[in-house]
Amino acid sequence: MKFGIITERKSPPDKRVVFSPTKLAELKEKYPQAEILVESSDIRIFNDEEYALKGFETTDDVSDCDVFIGVKEVPIEFLIPNKKYIFFSHTIKKQPHNKKLLQAIIDRDIDLYDHETFVDENGHRLIGFGRYAGNVGTYNSFRAFGAKYELFNLPKAETLPDKDALIARLRKLVLPPLKIVLTGYGKVGNGAKEMLDAMKVKEVSVENYLSKNYNEPVYVHIDVEHYNKRNDGKEFDKDEFYKDPTDYVSDFERFTKVSDMFIAGHFYGNDAPVILSADMLKAPDNKIKIVADISCDIDGPVACTLRSSTIAEPFYGYHPYEEKEVDMFHPAAIVVMAVDNLPCELPKDASEGFGDMFLENIIPAFYNNDKDNVLKRAQITENGRLTDRFKYLIGYINEKENVPHL
């Protein structure tokens, strides 16, 4: 088994890599039989010399490898036929912009595995960058607050070396008694909580958050049962909600009446109710002025997320009464942060953490005959066809005449 760590070619450039030099050395120590080549790159956060110092060959030609491991989508012109690829393909939700990519993968008989599809037997993700999205998104929420109200100026996260540097900047802030509502208990939500706790922002209960005033910044961490309710008034049933949320409506408005900042780190399932509606935002008693939508579902559960923003321009304003984008400094504007590639701003930490997960959860499957079906569950294409789990994508791809891509 010969692994190739490939350079990132998608634009804008991404400095992340699945394996840092140190983590790659751990892989080699644990699996001495593994052959590894590192494709040369002047983009990634770890340079070629750092890999060479750990004993790995860096080269411009990794075409003789069996498995290519990257982060972002591989441009079609760089796909090598009859190989195995692992990267975020952004195809499993039928994303229109990557339809041709999946077509090309099938046409070239490539076996595709997606980082997002590596799950355990219960369907829980095994690897991901969500924690680091939560870290940077929370940092950016305070950056937005300082800019909007001209209280302080935080540098862009990408200009700082690591998460500890972000925390150090946040801890220097003198903040008014903000009330912050945080949704989500997955990697993103917990990554956001990690930052709030590191800042020494006090966590309070839902009951106290809704009913009490504080003379210091506080936050409440809520899950689906706190911001949804049955439309018939009956008791919330979490299992029922996950199976079929159509009998539920948002119960988030009670938080909009007392919150200054909303950090959205939730997972939003199909048919789930809108969380923060346009009507809530235009209500006279809405207090939210900063929305850090880390989850970033466009036309989804957060009405003010009109579009994704960028690392270069992370903030825009939302006019709640006109339901349109305005300058963030407009007097009526709610500031929205909806960057959809936040971990790119923390490439060193994100790469090191991702490599930990990949080495622990994925690499063993290549050497234990995939006894836990980790690879089998994650495989999207095989021998020029969609695997059974992903046959729902048949209508998404344009099949060639007389070539049944099943």
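Every value quoted in this text rests on a predicted model; they were computed, and no experiment measured them.

Some points on the overall build of the protein
Next, step 1: Counting secondary structure elements, the protein contains 14 helices and 18 strands.
Next, step 2: Its C-alpha radius of gyration of 23 Å places the protein within 12% of the 22 Å reference for a compact globule of 406 residues.
Next, step 3: Looking at the protein as a whole, 56% of its 406 residues are labelled buried.
Next, step 4: In the protein, of all internal contacts separated by at least 6 residues, the share reaching a separation of at least 24 is 67%.
Next, step 5: Of the roughly 18700 Å² of accessible surface on the protein, 46% is carried by carbon and sulfur atoms.
Next, step 6: Between the centroid of the 53 positive side chains of the protein and the centroid of its 68 negative side chains there is a distance of 2 Å.

Quick word on the confidence of the model for the protein
For any part of a model where pLDDT is low, the fine detail of the predicted coordinates should not be relied upon.
Next, step 1: Scored by pLDDT, the protein comes out at a mean of 94, with 98% of its residues at no less than 70.
Next, step 2: Here residues 399–406 scores under 50 on pLDDT; set against residues more than four positions off or in separate chains, the count is 16 contacts.

Side note on the pattern of salt bridges
Next, step 1: Tallied over the full model, the rule gives 25 salt bridges.
Next, step 2: Across the pair lysine 229 and aspartate 251 runs a salt bridge whose closest N-O atoms are separated by 3.8 Å. Here the residue lysine 229 occupies a position in strand β10 (residues 228–230), and aspartate 251 occupies one in the loop between β11 (248–250) and α10 (253–256), the gap between them amounting to 22 residues.
Next, step 3: The partly exposed category is assigned to lysine 229, whose relative accessible area is 39%.
Next, step 4: Judged by relative accessible area, aspartate 251 falls into the buried class, the value being 19%.

Looking at the domain arrangement of the protein
Next, step 1: For the protein, the assigned domains are domain 1 (2–126 + 349–398) and domain 2 (130–340).
Next, step 2: A C-alpha centroid distance of 32 Å is found between domain 1 and domain 2.
Next, step 3: On the domain 2 side, the residues contacting the five residues of domain 1 number five residues.
Next, step 4: Here domain 1 packs against domain 2, burying approximately 420 Å² in sum over the two surfaces, 58% of which is carbon and sulfur.
Next, step 5: When the buried area of domain 1 at its contact with domain 2 is split by residue, Asp349, Ala350 and Met357 rank highest and sum to 70% of it.
Next, step 6: At the junction of domain 1 and domain 2, the tally comes to zero salt bridges.
Next, step 7: Classifying every residue of the side of domain 1 that touches domain 2 by side-chain character gives two nonpolar, one polar and two charged.

Concerning the sheet that holds strand β2 (residues 35–39)
Next, step 1: Taken together, six strands build an open sheet; the order of strands is β3-β2-β1-β4-β5-β6 and the sheet is parallel. Both outer strands of the open sheet, β3 (57–59) and β6 (111–113), are each paired with one neighbouring strand and no more. This sheet shows a mean twist of 25 degrees between the axes of neighbouring strands, independent of strand direction.
Next, step 2: Note that strand β4 (residues 67–69) and strand β5 (residues 84–86) share three bridges and pair parallel. Its bridge partner lying in β5, isoleucine 69 is registered against isoleucine 86.

Here's the deal with the sheet that holds strand β9 (residues 218–222)
Adjacent strands of a sheet pair through backbone hydrogen bonds, lying either parallel or antiparallel.
Next, step 1: Ordered by their spatial adjacency, eight strands build an open sheet running β8-β9-β7-β12-β13-β16-β14-β15, and the pairing between neighbours is mixed. Of all the strands in the sheet, just β8 (202–203) and β15 (324–326) have a single pairing partner and so form its edges.
Next, step 2: Relative to strand β16 (residues 334–337), strand β14 (residues 315–319) runs antiparallel, the two being bridged by four bridges. Bridge assignment links tyrosine 318 to a residue of β16, and that residue is isoleucine 334.
Next, step 3: Running over the sheet, helix α4 (residues 130–148) touches β7 (179–183), β12 (261–264), β13 (290–293), β14 and β16 and is turned about 155 degrees from β13.

What about the packing of aromatic side chains?
Next, step 1: In total, this model carries 20 aromatic pairs according to the counting rule given.
Next, step 2: With a centroid separation of 5.4 Å and an interplanar angle of 85 degrees, the aromatic rings of phenylalanine 19 and phenylalanine 358 are classed as edge-to-face. Of this pair, phenylalanine 19 sits in the loop between β1 (2–5) and α1 (21–30) while phenylalanine 358 sits in helix α12 (residues 347–361), and the two are 339 residues apart along the sequence.
Next, step 3: Owing to a relative accessible area of 1%, phenylalanine 19 belongs among the buried residues under this scheme.
Next, step 4: Relative to phenylalanine 255, the ring of tyrosine 209 lies with its centre 6.3 Å away and its plane at 40 degrees, an arrangement referred to as tilted. Of this pair, tyrosine 209 sits in helix α7 (residues 206–211) while phenylalanine 255 sits in helix α10; the two residues are 46 residues apart in sequence, bridging distant segments of the chain.
Next, step 5: Linked through ring pairs, Phe19, Phe88, Phe118, Phe129, Phe354 and Phe358 together constitute an aromatic cluster.

Observations concerning the pairing of β7
Next, step 1: Counting buried positions along β7 yields five of five residues, so the element is predominantly enclosed.
Next, step 2: Of the two faces of β7, both are covered, the one formed by Lys179, Val181 and Thr183 as well as the one formed by Ile180 and Leu182.
Next, step 3: Judged from the five bridges that link them, β7 and β9 form a sheet pairing that is parallel. When the sheet's bridge partners are listed, leucine 182 is paired in β9 with histidine 221.
Next, step 4: Pairing between β7 and β12: four bridges, direction parallel.

Describing the nonpolar core
Next, step 1: Of all hydrophobic cores here, the largest spans 79 residues; its most connected members are Phe19, Phe118, Phe142 and Phe358.
Next, step 2: Each of domain 1 (2–126 + 349–398) and domain 2 (130–340) gives at least three residues to this core.
Next, step 3: The contacts of phenylalanine 358, once residues within four sequence positions are left out, are Val18, Phe19, Ile69, Ile86, His115, Phe118, Ile127 and Ile363.
Next, step 4: Core analysis: the next-biggest nonpolar cluster, separate from the first, contains 34 residues, Phe255, Phe262, Met280 and Tyr316 among them.

Rules behind the numbers
Residues numbered from 1 in each chain as written. Predicted model: local features only at pLDDT ≥ 70, side-chain atom pairs only at ≥ 80, totals over all residues. Heavy atoms only, no water. Helix = DSSP H or I, 4+ residues; strand = E, 2+ residues; numbered from the N terminus. Rg over C-alpha atoms; globule rule 2.2 N^0.38 Å. Buried < 20%, exposed > 50% of the residue type's maximum accessible area, 1.4 Å probe, protein only. Contact = heavy atoms within 4.5 Å. Areas by Shrake-Rupley, 256 points an atom, 1.4 Å probe, with all protein chains shown as cover. Lys, Arg positive; Asp, Glu negative; His and termini not counted. Charge placed at Lys NZ, Arg CZ, Asp CG, Glu CD. pLDDT = per-residue confidence, 0-100. Salt bridge = Lys/Arg side-chain N within 4 Å of Asp/Glu carboxyl O. Domains from an automatic or database assignment. Buried area = accessible area lost by both parts, 1.4 Å probe. Nonpolar A, V, L, I, M, F, W, Y, C, P; charged D, E, K, R; others polar. Pairing = 2+ DSSP bridges. Axes fitted to C-alpha atoms, helices over the stretch in contact; angles between N-to-C directions. Phe/Tyr/Trp six-rings, centres within 6.5 Å; stacked < 30°, edge-to-face > 60°. Core = buried A, V, L, I, M, F, W, Y, C linked by side-chain atoms within 4.5 Å.

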